[in-house]
Amino acid sequence: MGSERRYIDNLNISDIPWHRMITAYETAENYPEYLRILDEMKDLDEVKTAWYSISDFEHQSTLYTPAPFVIVFLVRIYEKAKQMDNPVAKWLADKLSDEFRYYLQVCDETENAMEHADPLENMSDILNDKYLLPEGFDLDPEYDDDDEDDFDVDEFIVSLFPKDLFYSLYYYTRKILSEIK
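Since the structure is predicted, the reported quantities are computational estimates derived from the model, not experimental observations. (Residues numbered from 1 in each chain as written. Predicted model: local features only at pLDDT ≥ 70, side-chain atom pairs only at ≥ 80, totals over all residues. Heavy atoms only, no water.)

Explain the overall build of the protein chain to me, please; I cannot follow it from the model alone.
Along the backbone of the protein chain there are 7 helices and 2 strands. Reading the helices (α) and strands (β) of the protein chain from amino to carboxyl end gives α-α-α-β-β-α-α-α-α. Per-residue burial over the protein chain gives 42% buried out of 181 residues. At a minimum sequence separation of 6, the contacts of the protein chain that also span at least 24 residues come to 75%. Carbon and sulfur atoms make up 44% of the accessible area of the protein chain, which amounts to about 10,200 Å² in all. (Helix = DSSP H or I, 4+ residues; strand = E, 2+ residues; numbered from the N terminus. Buried < 20%, exposed > 50% of the residue type's maximum accessible area, 1.4 Å probe, protein only. Contact = heavy atoms within 4.5 Å. Areas by Shrake-Rupley, 256 points an atom, 1.4 Å probe, with all protein chains shown as cover.)

See below:
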């Protein structure tokens, strides 16, 4: 995982097209702000709000496209929080530790419970345009129920998750989490 490790180590929040990635409820466009709040570890209420807002990259054991990328930054935040001596950092380190165990379990269950495609060759391949929402795409447009020409959002979202991408979200998330000390 040499080149993959370098990619992960050098990954910046600004490298990720968050606004083009879907979560369980919306796009991940606000993730940079949530990650900033978590990284600062200043106000417990703000940190809790940011945590609950960002945690929609996983829902009912389903990982969405931001998952392996947000995990990279959450691991960095976790490592930082473990070194700090304040109640906000302690809460966050404990929360992340529990969640990381859960995400590993989800990844292991997916690995063992189903046949799956091979993962994409590189984690960065998840950012290929064909797996991202089109620029300017509105996930929640106003629809007229009587208009037969309406775009089918659900069908489009399903088309974003071919088998190799779907498995790659679990594969790379697990790889990142399994390296936590």
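Whenever I open this one, the packing of helix α3 (residues 44–54) against helix α5 (residues 87–113) confuses me. Can you help?
Any two packed helices are characterised by the angle at which their axes cross and by the distance between the axes. Direction vectors running N to C along α3 and α5 enclose 15°, while the axes themselves pass 10 Å from each other. As summarised for this structure, α3 and α5 are arranged roughly parallel, according to the angle between their axes. Crossing handedness for the pair α3 and α5: right-handed. Residues Leu-44, Val-47, Lys-48, Trp-51 and Tyr-52 of α3 form the contact with α5, whose own contacting residues are Val-88, Trp-91, Leu-92, Lys-95, Leu-96, Glu-99 and Tyr-103. For the contact of α3 with α5, a count of residues per class yields 9 nonpolar, no polar and 3 charged. (Axes fitted to C-alpha atoms, helices over the stretch in contact; angles between N-to-C directions. Parallel < 35°, antiparallel > 145°, perpendicular 65-115°, else oblique. Left-handed = near helix turned anticlockwise from the far one by under 90°. Nonpolar A, V, L, I, M, F, W, Y, C, P; charged D, E, K, R; others polar.)

Explain the packing of α5 against helix α7 (residues 163–177) here, please?
Where α5 meets α7, the axes come as close as 9 Å, and the angle between the chain directions of the two elements is 135°. The pairing of α5 with α7 is recorded here as oblique in orientation. As α5 packs across α7, the resulting crossing turns out to be left-handed. Between α5 and α7, the residues in contact are Phe-100, Tyr-103, Leu-104, Val-106, Cys-107, Asp-108, Thr-110 and Glu-111 and Tyr-167, Tyr-170, Thr-173, Arg-174 and Leu-177, respectively. Here the residues of the contact of α5 with α7 sort into 8 nonpolar, 2 polar and 3 charged.

Honestly, the layout of surface pockets in this entry has me stumped. Any pointers?
In this approach the atoms are scanned with a rolling probe the size of a water molecule, which exposes any empty space left behind. As a volume, the largest pocket reaches approximately 170 Å³. Secondary-structure elements contributing two or more residues to the lining of the largest pocket are α1 (2–10) and α4 (67–83). Counting residues per element, the lining of the largest pocket draws most heavily on α4, at 4 residues. In the lining of the largest pocket, the residues fall into 5 nonpolar, no polar and 5 charged. (1 Å grid on protein atoms, 1.4 Å probe; cavity = no way out; pocket = protein on both sides within 12 Å on 5 of 7 lines; lining within 4 Å. Points joined across faces, edges and corners; volume = space filled by probe spheres on them.)

How should the side chain of Thr-110 be read in this particular structure?
Note that Thr-110 resides in helix α5. Note on Thr-110: relative accessible area 10%, which makes it buried.

Would you take a moment to explain the nonpolar core for this structure?
Where a protein is soluble and globular, its nonpolar side chains tend to be buried together. In terms of nonpolar packing, the biggest core is built from 55 residues, with Trp-18, Leu-38, Phe-69, Ile-71, Leu-74, Phe-100 and Met-123 touching the most fellow members. Ranked by residue count, the leading element in this core is α4, at 11 residues. In this view, Phe-100 contacts Ile-71, Leu-74, Val-75, Tyr-78, Leu-177 and Ile-180; residues no more than four positions away in its chain are not counted. (Core = buried A, V, L, I, M, F, W, Y, C linked by side-chain atoms within 4.5 Å.)

What exactly am I supposed to notice about the pattern of salt bridges here?
Note on pairing: side chains with opposite charge can pair once their charged atoms come close. In total, this model carries 12 salt bridges according to the counting rule given. Glu-79 is the partner of Lys-82 in a salt bridge, and the nearest nitrogen-oxygen pair spans 3.5 Å. In this pair, Lys-82 and Glu-79 are both assigned in helix α4, 3 residues apart and thus about one turn of the helix distant. A relative accessible area of 27% places Glu-79 in the partly exposed class. Here Arg-101 ties to Asp-98 by a salt bridge, and the two come within 2.7 Å at their closest N and O atoms. You can see Arg-101 and its partner Asp-98 sitting in helix α5, 3 residues apart, about one turn around the helix. Salt bridges sharing common partners tie together Arg-5, Asp-9 and Glu-179. (Salt bridge = Lys/Arg side-chain N within 4 Å of Asp/Glu carboxyl O.)

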